[in-house]
Amino acid sequence: MPSAALAPGSVIFETTERAALIALNRVPRVGAAKVRSLLRAFGSLDEAARAAPAAIAERCKDIGPALADEAVAALRSDFAAREEARAEAANVRILTWDDDLYPDSLRAIPSPPLCLYCAGEARLLRQTQVAIVGTRRPTVYATEQAGRFALGLASAAIHVTSGLAEGVDAAAHRGALDAGPDAPGKTIAVVGTALDCLYPEGNKPLARDIARAGGLVVSEYPFGRHGDAKTFPQRNRIVAAISKATLVIEAGARSGTLITASFAHDFGRVVYAIPGRVDSPAFVGNHALIRNGEARLVTRPADILEEFGELDLREGRAPTAKTEDGEACPIGLSGEELRLWEALGAGECSLDVLSERAELPLPAVSALVIGLQMRRLVRPLPGGLLRRA
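Residues numbered from 1 in each chain as written. Predicted model: local features only at pLDDT ≥ 70, side-chain atom pairs only at ≥ 80, totals over all residues. Heavy atoms only, no water.

Enquirer: Explain the confidence of the model for the protein chain to me, please; I cannot follow it from the model alone.
Expert: Averaged over every residue, the pLDDT of the protein chain is 89; residues scoring 70 or more account for 89%. Long-range and interchain partners of residues 1-12, a stretch whose pLDDT sits below 50, account for 13 contacts in this model, where long-range means more than four residues apart. Contacts of residues 313-318 to residues separated by more than four positions or lying in other chains number four contacts, the stretch itself having pLDDT below 50. (pLDDT = per-residue confidence, 0-100. Contact = heavy atoms within 4.5 Å.)

Enquirer: Where do I start with the packing of helix α9 (residues 168-177) against helix α10 (residues 204-212) in this structure?
Expert: Relative orientation and spacing of two packed helices are given, respectively, by the angle between their axes and the distance between those axes. For the pair α9 and α10, interaxial distance at closest approach is 11 Å and the crossing angle is 35 degrees. As α9 runs across α10, the sense of the crossing is left-handed. Across from Ala170, His173, Arg174 and Leu177 in α9, the residues of α10 making contact are Leu206, Asp209 and Ile210. Residue classes in the contact of α9 with α10 are distributed as four nonpolar, one polar and two charged. (Axes fitted to C-alpha atoms, helices over the stretch in contact; angles between N-to-C directions. Helix = DSSP H or I, 4+ residues; strand = E, 2+ residues; numbered from the N terminus. Left-handed = near helix turned anticlockwise from the far one by under 90°. Nonpolar A, V, L, I, M, F, W, Y, C, P; charged D, E, K, R; others polar.)

Enquirer: How do you make sense of unusual backbone geometry when you look at a structure like this?
Expert: Excluding glycine, most residues fall at negative phi; most peptide bonds, likewise, are trans. Residues Tyr199 and Pro200 are joined by a peptide bond in cis, for which omega reads 0 degrees. Here Pro200 shows up in the loop between β5 (187-190) and α10. One non-glycine residue, Ala157, lies in positive phi territory at about 70 degrees. Along the chain, the position of Ala157 falls in the loop between α8 (140-155) and β4 (159-162). What makes Ala157 buried here is its relative accessible area of 18%. Residue Leu164 is not a glycine yet carries a positive backbone phi of 60 degrees. (Buried < 20%, exposed > 50% of the residue type's maximum accessible area, 1.4 Å probe, protein only.)

Enquirer: Help me out: how do you make sense of the nonpolar core in this one?
Expert: As a rule of thumb, nonpolar side chains are buried together in soluble globular proteins. Among the nonpolar cores identified, the biggest contains 76 residues, and Leu24, Leu38, Ile56 and Leu116 are the most heavily contacted of them. In terms of residue count, helix α5 (residues 65-75) provides more of this core than any other element does, six residues in total. Discounting residues that sit within four places of it in the chain, Ile56 has contacts with Leu38, Phe42, Ala48, Ala51, Ile63, Ala68 and Val72. Listed in part, the 26 residues of the second largest apolar core include Leu153, Ala154, Ala245 and Ile304. (Core = buried A, V, L, I, M, F, W, Y, C linked by side-chain atoms within 4.5 Å.)

Listed below in structure tokens is the structure:
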């Protein structure tokens, strides 16, 4: 839409909402609340860009004169065009909160990022994720468990999200990568710096591996923004918001990991925690979360996968992956369980017939069916028949 005439001496220009969000994202003190204030006052960011700073300060009580000057300068600059060109050259996709790939779970929190800079598969943001978080200086046990849980989740079509920090974060990302390039679950790294200023330096190769393996590295910060004492805790709210659940691997009494767990609680997400040695200071945070009922104790990836099924069914959504034929199937099935599931697709049958269909020995089928029944994936019928639940 062409711009309306401005006051004498003014420059005629126009901007899109997307360009305006990218431009405002560079102003440190302008976040979601300030943008919403501008939208309420002017109807669109294009109209706000044409307003005098004094008018913005007058109509938006939470935006003072100095910040209004900064906002107008950003809106009337060519920053968005330059940032888009830089992103294209770096193979980075910029999402604003108006884009279809921007996750609804993130849009719904009180302070959603104006923009997300995505290196890799941005579509993963709207798919099922579990965050795995913990200390930067983990015990050997915690490192092993982070990798073990990440591998199990990624193998079961759950994406593993973490913060690319040293320690537990890095172990979780690597564990998901260990599931292999064909694994249905990938890993997502949410960073507290711009994508061109990754920290720590030693994890830059890991970030490249994540993107190349079909995962995603994502930041809310414009190019050139280094991390500081505020950006890393802010990053944690994104980790918690885009994940359906958060798993705490190792947290001391004052661990920053507890910030992510707190965000998860605030956003209505499930929190899990593994137990550690009862006399270990490194696990005081874990044990407090479990003791206070703020986290559910888990000891293996299957605990999360089984509960995920219950959570999704209560919400009316069956947790599914895809078979090679494109058929929907429950998440977390082993190779033999998948064979039984596919065999039951031909209709209800007895254990003997199921064994023949799946080409598995009867004792193995009996044991597998018990596990599937416990997870409410197979239902027994009168006459010793079985069918999919």
